[in-house]
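Residue-level structure breakdown
This is what each chain is made of:
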Amino acid sequence: MRNPVAGRYLGEQWILPRREVLKRLAAGAALGTLGGKWLSATAQDAADGETFWDQVREQFPIRPGLVMMNAANLCPTHYPVLESLFGLTRDLDGDVSFQNRARFAPSKDQARSRLATYVGANPQEIAITRNTTEANNIIVNGLDLGAGDEVVLWSENHESNRSAWTVRARRRGFSVREVETPTGALSADLLRDRFLENLTTSTRVLAVSHVSNISGIGLPMKSLSEACRERNILTLVDGAQSLGALDLNLHDMGCDYFTGSLHKWPMGPKETGLLYVRSGSEDRVWPSMVGVGYDTAEGEGALKFETFGQRDDSAISAIVPAMDLLASIGKERIEARLRALVARLRRGIEAIPGTSILTPADSAINASILIFGLPGITGSDAFEALYRDHDIGSAPASLIDGVRLSPHIYNSMADVDRVLDALREIVGRAK
Ligand SMILES: Cc1ncc(COP(=O)(O)O)c(C=O)c1O
């Protein structure tokens, strides 16, 4: 490990000398030349061959030999973001004066507008949070609910959109109803109807995961949001498993609030997240945190929800190169690639006798997560064996005794085949 000030960071070769980083940043090219490489690769490889995706993968510092298939939990970021983070942090720490820090304002504004463009929203509808958990809690704790009001949840919600509500309900006296969805034969209509039949005249909010992290089921949020709006019910959509994985447009989805983590599928800087507040739905929510800048942010849509005090300006600015990568490949193309990886996984797993796949196959109600059980071995043992014996990062499943795989654009079809070989070996050994 070497001294970062010496021009190399942690002894790795990828880091540009500081002078070069600053030159690039000064030229407004936070992404550096690597973005150009992606773009030209995109143009040259219209057929989406593996060569293109291999080039994408080269932009990530993933340890050689490791197959990471746990994007639903945490994603690696890529060199342009790392370079940007290092260069900006070095710049900031070299001069923490008000004057130097003021230079970050344009890149922070750019981060907000790039996020807005990416999700199909306006910049004033976007607050930059630390993660989905924080964004969910801003809505949970900010809505003025009391006795007689009801919030409807999905039993598959993440704690930050389930326990957060029950704790709040205990304090404020409203009630919480959890809707369970069946397993087995499912369809978008069936899922929608299951929620609609649980809405009552007391329901004020429907708060659900867009895509469940424990089953991989994706809810038909456009039709649910529309139905809720007709009933004057607010919608909070936890998009931790859809932001960065699906080709989203939040205006089209029509929800009131949408949350996500940029360190998951968008592969952005750690501890950055997003809260979308549909224009017109911001006055229904009290800010949980009020800090410097609140008075000017108050009339500015979602901006009033991010006066948290001192932030990491470098991390927020480094959202820009993260958005650059997503934009240079394209949301639609990323979703198609993830679906292709999952489809190959699914086919291979189905061919292993005795496996059971929990995640529905219908692309209208799934995304990039695959959850399945294996014969003769518990999920946690298989998860451990995958990492220990095969250098594959996955997750144990919690709803069934199984494994969760969530591939991303840094995975190749060869990675998928390696995972399938590993699963066959593990199942064979367990017999
Ligand atoms: C659906 C869902 N919501 C929220 C979270 C929490 O994300 P974070 O820890 O980034 O806040 C997760 C994490 O896996 C999740 O799957």
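All values reported here derive from a predicted model rather than from experimental measurement. Residues take numbers from 1 onward in each chain, read along the sequence in its written order. Where local features are concerned, this predicted model is filtered to residues with pLDDT of at least 70; where side-chain atom pairs are given and counted, the filter is 80 or more; whole-chain, interface and lining totals use all residues.

1. As for the sheet that holds strand 9 (residues 356-357)
Judged by pairing direction, the sheet is antiparallel, and its 4 strands sit side by side in the order 9-10-13-12 without closing on themselves. Each edge of the open sheet is held by one strand with a lone partner, namely strand 9 and strand 12 (395-396). Here, any two strands with at least 2 DSSP bridges between them count as paired. Secondary structure follows DSSP: runs of H or I at least 4 residues long count as helices, runs of E at least 2 residues long count as strands, and numbering of each begins at the N terminus. Relative to strand 13 (residues 403-405), strand 10 (residues 370-373) runs antiparallel, the two sharing 3 bridges. Bridge pairing in strand 13 places Leu-370 opposite Leu-405.

2. As for the site of the ligand
The full set of residues close to the ligand is Asn-73, Asn-131, Thr-132, Thr-133, His-158, Ser-160, Ser-209, Asn-213, Asp-238, Ala-240, Gln-241 and Ser-261. By the convention adopted, Pro, Cys, Tyr, Trp, Phe, Met, Ile, Leu, Val and Ala count as nonpolar, Lys, Arg, Asp and Glu as charged, and the other residues, Gly among them, as polar. Of the residues assigned to the shell around the ligand, the class counts are 1 nonpolar, 10 polar and 1 charged. Any residue whose backbone-placed C-beta atom lies within 6 Å of a molecule or strand is treated as near that molecule or strand.

3. Re helix 14 (residues 319-329)
What helix 14 keeps buried is the set Ile-319, Val-320, Pro-321, Ala-322, Met-323, Asp-324 and Leu-325. Just downstream of helix 14, Gly-330 is the residue with a positive phi angle, here 105°. Put plainly, a residue is buried at 20 or more neighbouring C-beta atoms within 10 Å of its own, exposed at 12 or fewer, and partly exposed in between, counting only other residues' C-beta atoms, which are placed from the backbone.

4. Side note on the sheet that holds strand 3 (residues 150-154)
As summarised here, the arrangement of the 7 strands in space is 2-8-7-6-5-3-4, forming an open sheet in which the pairing is mixed. Whereas interior strands pair on both sides, the edge strands pair on one side only; in this sheet they are strand 2 (126-129) and strand 4 (175-179). Strand-to-strand twist in this sheet, taken as the mean axis angle between neighbours without regard to direction, amounts to 15°. Sheet topology note: the strand 3/strand 5 (residues 203-209) ladder contains 4 bridges and is parallel. Counterpart to Val-151 in the pairing with strand 5 is Val-205. An axis is simply a line fitted to the C-alpha atoms; with a helix, the fit covers only the stretch in contact. Between two such axes, the angle follows the N-to-C directions and lies from 0 to 180 degrees.

5. Details of the packing of helix 7 (residues 132-142) against helix 8 (residues 163-172)
Two numbers describe how helix 7 lies on helix 8: the axes approach to 10 Å, and their chain directions differ by 25°. Our classification of the angle between helix 7 and helix 8 gives roughly parallel. Regarding helix 7 and helix 8, the two cross each other, and that crossing is right-handed. Contacts between helix 7 and helix 8 involve Asn-136, Asn-137, Val-140 and Asn-141 from the first element and Ala-164, Trp-165 and Arg-168 from the second. Residue composition of the contact of helix 7 with helix 8, by class: 3 nonpolar, 3 polar and 1 charged. In these notes the angle categories are as follows: under 35 degrees is roughly parallel, over 145 is roughly antiparallel, 65 to 115 is roughly perpendicular, and the rest is oblique. Should the near helix be turned anticlockwise from the far one by less than a right angle, the crossing is left-handed, and should it be turned clockwise, the crossing is right-handed. With C-beta atoms placed from the backbone, a contact is any residue pair whose C-beta atoms sit within 7 Å.

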